[in-house]
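Residues per chain are reported as follows:
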Amino acid sequence: MSFENQLALVTGASRGIGAATAIALAAKGAHVILTARTAEALEEVEDKIHEAGGSATIAPLDLTDGDSIGRLAQAISERWDALDIMILNAAMLGSLTPVPAIDGKEFNNVLTLNLIAQQALIAGFDPMMRKSDDARLLALTSSVGRAPRAFWGAYGASKAALETLVISYGEEMRNLAKLRTAIINPGRTRTVMRANAYPGEDPQSVKSPDVVADQMVEILESNFETGERFDIS
């Protein structure tokens, strides 16, 4: 129970990697706050955690909805003092299209969720993370954030910017708090986003989200250096 008496927040926790990570953290003793847009799906994940003897709280919200993150941070800080683990998993793919053909409105939506909302989460929970004796923030990225690929410009740009944001935050906290940040590239994983990107791919040919979740738990248990990047195979 390496995360006993610790508080974790997982975004995009209603399915895929987010749900698997929330379940894995709870199995290690953390109380996990689950966020996503769909309350019913969050309740299913919460039920699995409770059935396994873990503890969780659901917080349905749209991360792109104005002040929702600030309200969430306020509500959580009124109940708990410190936040020990934050998993920035929620993201949207958008359309895979040539850069000149990117739709401005959709690109704005991608950046709002994949980047701007992530900064708002960091800002909202920064006071709680600074109070932790060992705060860890993991942000999920994609290989296209570091190795640009044709037609992936919008999504790749959002992930490249996210990496810079999270690593910068870790460097800022290096001498101010016991807070470390790291970047996680989950690789080829059986998720809805991957199915949308590769509709002809056999889902069974890629790894389960549970594999990613288990490795992320191992990373969180380790003494990783702030700013490290991990590729999960």
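Our structure is the block above this text.
Residues numbered from 1 in each chain as written. Predicted model: local features only at pLDDT ≥ 70, side-chain atom pairs only at ≥ 80, totals over all residues. Heavy atoms only, no water.

### Side note on the overall build of the chain
Phase 1: Each helix and strand in the chain was counted, giving seven helices and seven strands.
Phase 2: Here the C-alpha radius of gyration of the chain, 17 Å, is about what a compact globule of 233 residues would show, namely 17 Å.
Phase 3: By principal-axis analysis of the C-alpha atoms, the chain measures approximately 50 × 40 × 35 Å.
Phase 4: Looking at the chain residue by residue over its 233 residues, the buried ones come to 50%.
Phase 5: Accessible surface, the chain as shown: approximately 11000 Å² in total, 49% of it carbon and sulfur. (Helix = DSSP H or I, 4+ residues; strand = E, 2+ residues; numbered from the N terminus. Rg over C-alpha atoms; globule rule 2.2 N^0.38 Å. Buried < 20%, exposed > 50% of the residue type's maximum accessible area, 1.4 Å probe, protein only. Areas by Shrake-Rupley, 256 points an atom, 1.4 Å probe, with all protein chains shown as cover.)

### A closer look at the packing of aromatic side chains
Phase 1: On inspection of all chains with the given rule, the structure shows three aromatic pairs.
Phase 2: The positively charged end of R149 is found above the aromatic ring belonging to W152, 5.3 Å away from the centroid.
Phase 3: When the ring centre of F224 is taken as origin, the NZ or CZ atom of R180, which lies over that ring, is 4.3 Å away. (Phe/Tyr/Trp six-rings, centres within 6.5 Å; stacked < 30°, edge-to-face > 60°. Lys NZ or Arg CZ within 6 Å of the ring centre and 35° of its normal.)

### Focus: the side chain of H31
Phase 1: By the element assignment, H31 lies in strand β2 (residues 31-36).
Phase 2: On the basis of relative accessible area, H31 is assigned to the buried category, the value being 15%.
Phase 3: Here H31 is in contact with Q6, L7, A8, S55, A56, T57 and W80, once residues within four sequence places are set aside. (Contact = heavy atoms within 4.5 Å.)

### A few points about the sheet that holds strand β6 (residues 179-185)
Phase 1: Ordered by their spatial adjacency, seven strands build an open sheet running β3-β2-β1-β4-β5-β6-β7, and the pairing between neighbours is parallel. Two strands in the sheet have a free side with no partner beyond their single neighbour: β3 (55-60) and β7 (228-231). Averaged over all neighbouring strand pairs, the angle between strand axes comes to 20°, with direction disregarded.
Phase 2: Strand direction decides the pairing type here: β2 and β3, joined by six bridges, are parallel. Following the sheet pairing, I33 is matched in β3 by T57.
Phase 3: On top of the sheet, helix α1 (residues 16-27) reaches β1 (7-11), β2, β3, β4 (85-88) and β5 (135-140); it is set at about 170° to β1, its chief contact.
Phase 4: Packing against the sheet, helix α7 (residues 209-221) makes contact with β4, β5, β6 and β7, and its axis sits at approximately 145° to β5. (Pairing = 2+ DSSP bridges. Axes fitted to C-alpha atoms, helices over the stretch in contact; angles between N-to-C directions.)

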